[in-house]
Amino acid sequence: MGRITSVAVAAAALVSTGSAYVGARNLLSGQADQARQTIPKSWDAPPRADGVYSPGGGPVQRWTRDTQVDLHLMIFGDSTATGYGSTCGDEVPGVLLARGLAEESGKRIRLSTKAIVGATSKGLSGQIDAMFVAGPPPDAAVIMIGANDITKPNGLGPSARRVGQAVERLRSAGAVVVVGTCPDFGVIKAIPQPLRWVTRNRGLRLARAQAAAVRAAGGVPVPFSDLLAPHFYEAPEVLFSADMFHPSAAGYELAAKQLLPALCRALGEFSSETTTEAALESRMDGSGSLLARIGNVSRLWRRSTGVPAPMVVPAS
């Protein structure tokens with residue numbers, strides 16, 4: 001998601017420039033400075049594991065132009081799309097999705113990542129341009145974007161429209177598109193109140209606008225703020241990485257669990273022999289899914305983005 005470098009500007013945009021609100025702006029500006037000191041800047045390069053994934057697991061295969069694959073999956077977006085905060089390639093969301101899709105479909109999946117740490121919706125166009133330069137468009141695209149549009153800040157309407165335009169370009173190129181919308185900033189306790197409330201409010205508004213734009217462009221929105229926030233509120237020590245801002249391996253696995261059913265449904269690739277739960281079991285060791293550490297979770301956060309959650313199709 002990137003460091004909160006300009007949250008104070010976002011907060012100030014919500015209040016009048018009149019003298020009656022100077023105190024509020026000063027408070028929020030001070031809290032933004034506090035958040036910048038608490039949340040470390042993203043310097044490390046996230047793990048990369050692009051390549052070919054086959055049913056049954058096994059190590060990633062290096063892709064060359066002579067490599068035969070059945071489906072090409074490409075990941076666009078910001079640091080969450082790159083898996084920033086993960087410790088190895090098998091933990092990043094793109095790999096989890098590629099492995100899960102391989103299990104569900106029985107096909108060989110090529111994974112390519114165009115996402116960039118710190119990207120906002122303004123960067124999606126360049127990522128898609130890079131896709132066209134690199135070669136033919138993918139069969140499926142997953143976009144995870146929005147948090148940096150809140151922290152920069154960018155206008156909510158233009159940010160959502162840029163996501164819709166990215167979806168439209170990808171759909172015109174023949175790809176199915178699934179978008180994880182802006183997350184809920186309310187789970188990030190490193191942001192003090194009332195600044196956390198301000199950023200949460202803007203994030204939820206952006207998520208709703210993103211969902212509408214994605215649907216209008218022919219994509220499938222997945223409401224991260226609805227589906228993930230209850231879990232992060234209940235088990236932050238499990239789902240956040242060390243910076244308490246980016247997700248941990250378990251947090252990314254939880255996000256992939258929500259994206260995979262929507263991706264499989266868009267591609268028509270649900271198998272009658274596996275479930276999305278089984279497809280997302282961690283292959284990093286023999287201990288099973290990281291999600292098992294979370295235990296029972298609370299009901300969905302009451303403030304909905306108005307986007308229906310994707311349904312997991314059970315095994316027959």
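**Q** Explanation requested: the packing of aromatic side chains in the structure shown.
**A** This structure, assessed with the given rule, holds 1 aromatic pair. With a centroid separation of 5.0 Å and an interplanar angle of 70°, the aromatic rings of Phe-232 and Phe-240 are classed as edge-to-face. Under the relative-accessibility criterion, Phe-232 is labelled buried at 7%.

**Q** What exactly am I supposed to notice about the pairing of strand β2 (residues 71–77) here?
**A** Look at any regular strand and the pattern is simple: side chains alternate between the two faces of the sheet. Taking burial as the measure, the 7 residues of β2 include 7 buried ones, the bulk of the element. Residues Leu-71, Leu-73, Ile-75 and Gly-77 point to one face of β2 and His-72, Met-74 and Phe-76 to the other, with burial holding for every one of them. One ladder, built from 5 bridges, connects β2 with strand β3 (residues 109–113); its direction is parallel. Paired with Ile-75 across the strands is Thr-113, a residue of β3. Alignment of β2 against strand β4 (residues 140–144), held across 5 bridges, turns out to be parallel. Directly across from Gly-77, in β4, lies its bridge partner Met-144.

**Q** Is there a simple way to explain the pattern of salt bridges in this structure?
**A** Between side chains of opposite charge, pairing is possible as soon as their charged atoms come close. All chains considered together, the criterion is met by 5 salt bridges. Here Arg-99 and Asp-90 are joined by a salt bridge, their closest N and O atoms 3.1 Å apart. Take Asp-90: its relative accessible area is 27%, and that puts it in the partly exposed class. When the shortest N-O distance is used, the salt bridge between Lys-107 and Glu-269 registers 2.7 Å. In this pair, Lys-107 is assigned in the loop between α4 (93–105) and β3 and Glu-269 in the loop between α12 (249–267) and α13 (276–279), connecting sequence segments 162 residues apart.

**Q** Please explain the packing of helix α5 (residues 124–134) against helix α7 (residues 156–172) as it appears in this structure.
**A** A pair of packed helices can be characterised by two numbers: the angle between their axes and the separation between those axes. Running from N to C, α5 and α7 cross one another at 15°; their axes reach a closest spacing of 9 Å. The pairing of α5 with α7 is recorded here as roughly parallel in orientation. The element α5 and its partner α7 pack so that their crossing is right-handed. When α5 is examined against α7, the residues Leu-124, Ser-125, Ile-128, Asp-129, Met-131 and Phe-132 are found in contact with a partner set consisting of Val-163, Ala-166, Arg-169 and Leu-170.

Rules of the game
- Residues numbered from 1 in each chain as written.
- Predicted model: local features only at pLDDT ≥ 70, side-chain atom pairs only at ≥ 80, totals over all residues.
- Heavy atoms only, no water.
- Phe/Tyr/Trp six-rings, centres within 6.5 Å; stacked < 30°, edge-to-face > 60°.
- Buried < 20%, exposed > 50% of the residue type's maximum accessible area, 1.4 Å probe, protein only.
- Helix = DSSP H or I, 4+ residues; strand = E, 2+ residues; numbered from the N terminus.
- Pairing = 2+ DSSP bridges.
- Salt bridge = Lys/Arg side-chain N within 4 Å of Asp/Glu carboxyl O.
- Axes fitted to C-alpha atoms, helices over the stretch in contact; angles between N-to-C directions.
- Parallel < 35°, antiparallel > 145°, perpendicular 65-115°, else oblique.
- Left-handed = near helix turned anticlockwise from the far one by under 90°.
- Contact = heavy atoms within 4.5 Å.

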